[in-house]
Structures are given as structure tokens and as C-alpha cells.
Amino acid sequence: GPEAGGTVGTYVGLCVLIEFPDVPGTISRTEVDHYCNQPGYAGFGNNGSVRDYFFEVSDGKLTYTNVVTAYYTAAHNRAYYTDPSIPHGTRARELITEALDSLVAQGFDFSPLSSDAGGFIYALNVFYAGHVVNNWAEGLWPHSWSLAAPYPVGGGKRFFDYQFTDMSDELTLRTFCHENGHMICDYPDLYDYGGESSGPGHFCLMGYGGADKNPVHVCAYLKNVAGWTTSLTQLVPG
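Rules behind the numbers
- Residues numbered from 1 in each chain as written.
- Predicted model: local features only at pLDDT ≥ 70, side-chain atom pairs only at ≥ 80, totals over all residues.
- Heavy atoms only, no water.
- Helix = DSSP H or I, 4+ residues; strand = E, 2+ residues; numbered from the N terminus.
- Buried < 20%, exposed > 50% of the residue type's maximum accessible area, 1.4 Å probe, protein only.
- Contact = heavy atoms within 4.5 Å.
- Areas by Shrake-Rupley, 256 points an atom, 1.4 Å probe, with all protein chains shown as cover.
- Polar contact = N/O pair within 3.5 Å; in protein donor to acceptor, adjacent residues only side chain to side chain.
- Core = buried A, V, L, I, M, F, W, Y, C linked by side-chain atoms within 4.5 Å.
- Salt bridge = Lys/Arg side-chain N within 4 Å of Asp/Glu carboxyl O.
- Pairing = 2+ DSSP bridges.
- Axes fitted to C-alpha atoms, helices over the stretch in contact; angles between N-to-C directions.
- Parallel < 35°, antiparallel > 145°, perpendicular 65-115°, else oblique.
- Left-handed = near helix turned anticlockwise from the far one by under 90°.
- Nonpolar A, V, L, I, M, F, W, Y, C, P; charged D, E, K, R; others polar.

Visitor: Lay out the overall build of the protein in plain terms, naming residues and giving numbers.
Guide: The helix and strand inventory of the protein stands at six helices and seven strands. In the protein, the succession of helices and strands from N to C terminus is β-α-α-β-α-α-β-β-β-α-β-β-α. The buried share among the 238 residues of the protein stands at 46%. Partitioning the intrachain contacts of the protein with sequence separation of at least 6 by distance along the chain shows that 70% fall at a separation of at least 24. By element, 52% of the accessible surface of the protein is carried by carbon and sulfur atoms, the whole surface being about 11,000 Å².

Next up, the structure:
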């Protein structure tokens, strides 16, 4: 499970938008900004924004927003990055590094982003245009991981952890919030990789997570570890 310590306070992450020469972005930067940050967001039928989700499930203890970039156009067509013969995550990391190189070259201001005592920025969200075309754990399948090496951006700050998600034709909360559960809270997956059980099923974001546009809360155990509980009752069998 995640280490105790809590994910509370105000977090500002970065959301990098990526399109491909053959798969252009169809959802505007403004719309993604609202999806990430706008209180009461209802676009595409979602029940709030990413900010709203984490504010609610944390009982108001976490305010999490994102600075949303302009679209970066990848150096290659989508098929280059989705090649299933390449180990999962390899081309995603390459694509992220391309996008970060472009931002640095443009003089992007990374200073508003929240980081830990070691300068590691808490949140690097990468949102790419189009649908997932891979099977699980191949190509650009949504995932949360780390770069091959820390990526410095000045001011003592650096990127390392990231989450990678497709935008599809409409924005939905569940997968994006699930991957952020890994990234900013160190939550594990709670669904069963082998399929022998349902794990917590739709009773936890880190399980099946509920509806795409109205995901369920994280379970009580994870809330407690994150520091989001105000009271805890222990039930003793017997």
C-alpha cells in the first residue's frame, strides 16, 4: 500500500496536451482547462472537474489544479508511438520528453508547479489526442509511471512521475482521476490483474471506479492513508 504521510493542501500540476501529425486534437485547451480546474464543471456530462473530484473525496483537504499547456505536435505519426512490439512505456516516455523539450525551448514557466522537498514536481499529466488503439500494457495504453531519469526544468525543480491518458472524443473523469490516484497519492491498483476476483469492484476509484463521468470515491483505507479522514471507527469482529 501507499506510505503514510498524507496528500493534503494545495497541489498545482502540469497537464501537457499532445496531438499527432495524423491525429489532431479536437478538444480545445480551454475545455481541458475547465475540465481540470473549473468548480461545477459539467462538460460532456461529467459530474464536476478533476479539482472537484479530489476536493470532495478528500473532505476539502486537497485542492488540486493543473496548468494546461497548448498542444504539442508529436515528431511522428501516432503509429510510431503505439507500436506494440516496443516495450510498454518506452514510446510514451519518448513522447513526453519531446513535449518537455519543446516547453523548455519556449521558455515555459514551471515555477507555479508544486513539488516536494527534493524538487520533484508532484503531477505531470499527459493528455493525448484520439482513442486508445492498443491492448492493455501496450503502446500508449493509459498508465502511471516514471521517466527513465529525472527531467530538470530549472529552479531546482524536476519531473519524474507522470500519468498518461487518451482524450478520445470526449473528456471523462474516471481514468484521469484513477491515474492521478497513483501519481499524487501513491495509491496501488486494487483491481485483480489476473481476473480471479473483482477486488473492490465499483466501490473504489482504484478498483473499477464506477461510471466514467461520475467516478466513485476511493475506499476508506486509502482515504485514511491519504490523510483525508476526520474520524475513523474500527470494527472488531465478534
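Visitor: Before we move on, can you summarise the environment of Glu 56 with the specific residues and values?
Guide: By the secondary structure assignment, Glu 56 is in helix α2 (residues 50-57). A polar atom in the side chain of Glu 56 sits 3.0 Å from the side chain of His 217.

Visitor: Could you give an account of the nonpolar core, naming the residues involved and the relevant values?
Guide: The biggest cluster of nonpolar side chains holds 34 residues, and the ones touching the most others in it are Val 32, Tyr 35, Phe 54, Tyr 64, Phe 127, Ile 184 and Trp 228. For this core, the elements supplying multiple residues, two or more each, are β1 (9-19), α1 (29-37), α2, β2 (62-73), α5 (173-185) and α6 (220-226). With six residues, the single largest contributor to this core is α5. For Ile 184, the residues in contact, after removing those within four places along its chain, are Thr 7, Tyr 11, Phe 54, Leu 62, Tyr 64, Tyr 122 and Ala 123. Listed in part, the 28 residues of the second largest apolar core include Val 23, Ala 92, Phe 110 and Val 126.

Visitor: Residue-level account of the pattern of salt bridges, with values.
Guide: Per the stated rule, a full pass over the model turns up five salt bridges. Linking Asp 59 and Lys 61 is a salt bridge whose minimum nitrogen-to-oxygen distance equals 3.6 Å. Judged by its relative accessible area of 26%, Lys 61 is partly exposed.

Visitor: Provide a residue-level description of the pairing of strand β5 (residues 157-166), including the pertinent values.
Guide: Within β5, seven of the ten residues are buried, which leaves the element mostly enclosed by the surrounding structure. Across four bridges, strand β3 (residues 124-128) lies against β5 in parallel orientation. For Asn 125, the partnering residue across the bridge sits in β5 and is Gln 163. The pairing of strand β4 (residues 143-154) with β5 spans seven bridges and is antiparallel. Bridging across to β5, Gly 154 finds its partner in Lys 157. Taking the residues between adjacent antiparallel strands as the criterion, β4 and β5 are bridged by two residues, where Gly 155 takes a positive phi near 65°.

Visitor: Please provide a residue-by-residue account of unusual backbone geometry, values included.
Guide: With a phi angle near 60°, Ala 137 is a residue other than glycine that sits in the positive phi range. By the element assignment, Ala 137 lies in the loop between β3 and β4. By relative accessible area, which is 29% here, Ala 137 ends up partly exposed. The backbone of Asp 186 sits at a positive phi, close to 60°, despite the residue not being glycine. Mapped onto the elements, Asp 186 comes out in the loop between α5 and β6 (210-211).

Visitor: Before we move on, can you summarise the packing of α2 against α5 with the specific residues and values?
Guide: Between α2 and α5, whose axes approach to 10 Å, the crossing angle comes to 60°. In terms of their interaxial angle, α2 and α5 are classed as oblique. Crossing hand, α2 versus α5: right-handed. Packed against α2, whose contacting residues are Val 50, Tyr 53 and Phe 54, the element α5 presents Leu 173, Phe 176, Cys 177, Asn 180, Gly 181 and Ile 184 at the interface. Partitioned by chemical class, the residues of the contact of α2 with α5 number seven nonpolar, two polar and no charged.

Visitor: Describe the side chain of Ser 168, with residues and values.
Guide: For Ser 168, the position within the fold is in the loop between β5 and α5. In this structure the side chain of Ser 168 is engaged in a polar contact, spanning 2.5 Å, whose partner is the side chain of Asp 166. Residues within four places of Ser 168 in sequence aside, it is in contact with Ile 27, Gly 130 and His 131.

Visitor: Go over the sheet that holds β5, please, and point to the residues and values.
Guide: Read across the sheet, five strands follow the order β2-β1-β3-β5-β4 without closing on themselves; strand pairing throughout is mixed. Bordering the open sheet on either side are β2 and β4, each of which pairs with just one other strand. Shown here is a sheet whose adjacent strand axes are inclined to one another by a mean of 30°, direction ignored. Of the pairings in the sheet, the one linking β1 to β3 comprises five bridges and is parallel in character. Its bridge partner lying in β3, Cys 15 is registered against Asn 125. Sheet strands touched by helix α4 (residues 90-105): β1, β2, β3, β4 and β5. Its angle to β4, the strand with the most contacts, is close to 30°. In this fold α5 packs onto β1, β2, β3, β4 and β5, with an angle of close to 155° to the strand it touches most, β5.

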